[in-house]
Amino acid sequence: TQLLEQSPQFLSIQEGENLTVYCNSSSVFSSLQWYRQEPGEGPVLLVTVVTGGEVKKLKRLTFQFGDARKDSSLHITAAQPGDTGLYLCAGHSSYKLIFGSGTRLLVRP
Amino acid sequence: EAQVTQNPRYLITVTGKKLTVTCSQNMNHEYMSWYRQDPGLGLRQIYYSMNVEVTDKGDVPEGYKVSRKEKRNFPLILESPSPNQTSLYFCASSLALVDREQFFGPGTRLTVL
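Rules and cut-offs
Residues numbered from 1 in each chain as written. Chains lettered and ligands numbered in written order. Predicted model: local features only at pLDDT ≥ 70, side-chain atom pairs only at ≥ 80, totals over all residues. Heavy atoms only, no water. Helix = DSSP H or I, 4+ residues; strand = E, 2+ residues; numbered from the N terminus. Rg over C-alpha atoms; globule rule 2.2 N^0.38 Å. Buried < 20%, exposed > 50% of the residue type's maximum accessible area, 1.4 Å probe, protein only. Contact = heavy atoms within 4.5 Å. Pairing = 2+ DSSP bridges. Axes fitted to C-alpha atoms, helices over the stretch in contact; angles between N-to-C directions. Phe/Tyr/Trp six-rings, centres within 6.5 Å; stacked < 30°, edge-to-face > 60°.

On to the overall build of chain B, then. Broken down by element type, chain B carries zero helices and eleven strands. For chain B, the sequential pattern of α-helices and β-strands runs β-β-β-β-β-β-β-β-β-β-β. Over its C-alpha trace chain B gives a radius of gyration of 13 Å, about what one expects of a compact globule, namely 13 Å for 113 residues. By principal-axis analysis of the C-alpha atoms, chain B measures approximately 35 × 30 × 25 Å. For chain B, the residues scored as buried account for 49% of the 113 residues in total. Considering only residue pairs separated by 6 or more positions, chain B has 54% of its internal contacts joining residues 24 or more positions apart.

Next up on the list: the sheet that holds strand S3 (residues 19–24) of chain A. Residues and elements named next belong to chain A. With antiparallel pairing, five strands are arranged side by side in an open sheet as S1-S3-S8-S7-S6. The open sheet has two edge strands, strand S1 (5–7) and strand S6 (55–58), and neither has a second partner. Here the strands of the sheet are splayed against their neighbours by 15° on average, with no regard to which way each runs. In the sheet, S3 pairs with strand S8 (residues 71–76) via six bridges, with the strands oriented antiparallel.

A few words now on the packing of aromatic side chains. Geometry of an aromatic ring pair is reported as the spacing of the ring centres plus the angle between the planes. Scanning the entire structure with this criterion turns up nine aromatic pairs over all chains. Here tyrosine 31 of chain B and tyrosine 48 of chain B contribute two aromatic rings whose centre-to-centre distance is 5.9 Å and whose plane-to-plane angle is 40°, an arrangement assigned as tilted. In this pair, tyrosine 31 of chain B is assigned in strand S4 (residues 31–38) and tyrosine 48 of chain B in strand S5 (residues 42–51), connecting sequence segments 17 residues apart. Judged by centre distance (6.3 Å) and plane angle (85°), the ring pair of phenylalanine 90 of chain B and phenylalanine 104 of chain B falls under edge-to-face. One end of the pair, phenylalanine 90 of chain B, is in strand S9 (residues 87–94); the other, phenylalanine 104 of chain B, is in strand S10 (residues 103–104), with 14 residues separating them in the sequence. Of the residues examined, phenylalanine 90 of chain B reaches a relative accessible area of 1% and is grouped as buried. Taken together through their ring pairs, the aromatic side chains of Tyr35 and Phe99 of chain A together with Tyr35, Phe90 and Phe104 of chain B make up a single cluster.

So, on to the environment of valine 4 of chain B. Residue and element names in this part refer to chain B. Structurally, the position occupied by valine 4 is in strand S1 (residues 4–7). Residue valine 4 is classed as buried on the basis of its relative accessible area, which comes to 7%. Each C-alpha atom of the pair valine 4 and asparagine 84 lies 26 Å from the other, and the pair is 80 residues apart in sequence. Leave out the neighbours within four places in its chain, and valine 4 touches Cys23, Ser24, Gln25, Met27, Cys91, Ser93, Phe103, Phe104, Gly105 and Pro106.

Let us look at unusual backbone geometry. Serine 7 of chain A connects to proline 8 of chain A through a cis peptide bond whose omega is -5°. You can see proline 8 of chain A is positioned in the loop between S1 and strand S2 (10–14). With an omega of -5°, the peptide bond running from asparagine 7 of chain B to proline 8 of chain B counts as cis. Within the element layout of this structure, proline 8 of chain B appears in the loop between S1 and strand S2 (10–13). Not every positive phi belongs to a glycine, and alanine 78 of chain A is a case in point at roughly 50°. Secondary-structure assignment places alanine 78 of chain A in the loop between S8 and strand S9 (85–93). The phi torsion at glutamate 53 of chain B lies on the positive side, around 65°, for a residue other than glycine. Within the secondary structure, glutamate 53 of chain B sits in the loop between S5 and strand S6 (54–57).

Here is the structure:
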């Protein structure tokens, strides 16, 4: 069974701080996605990374796909209260999408 | 507006009473799937469909049925719900199986007493 482990599970930080969320697996994925979910809503795609070593930036968010395509990280610079939410990584493999258990982020004003 | 809709949004029922959660998408997507979300377990796939009349089991299919008679609709059926099926359910659709964005519905919170 393919698994994606996310860490940390919970993160509470002050506005302006930086943070990194990790998504790790022993399996190789053809691509990896990061979603953000807010209470009462479904997840919404932030980014898809496809190539090993790929780095994508979305404003203050930086996403990296590991060289071996088994892991990924999400780095947020100068976090803001609007970044609060549940962050989910998801890996594509063999026509399936495997989700990590999520990182719940709280950014305090 | 491109969207995935689910109904109902909230449902409280009793053990054994058959129920259906509807899902509809207006983006002409071929691929649709159902997930359940439980605390600490993330999203787990229940069933998916690659096109009309083509469905397959995901990771947690026990106790669920689906059908795909039309491209836009993908209902989730619980023939005899049990308390361990209390969960938050999401329907999703996408253009293709692999490497494409999943568009999620707003979720259905189901409680089985």
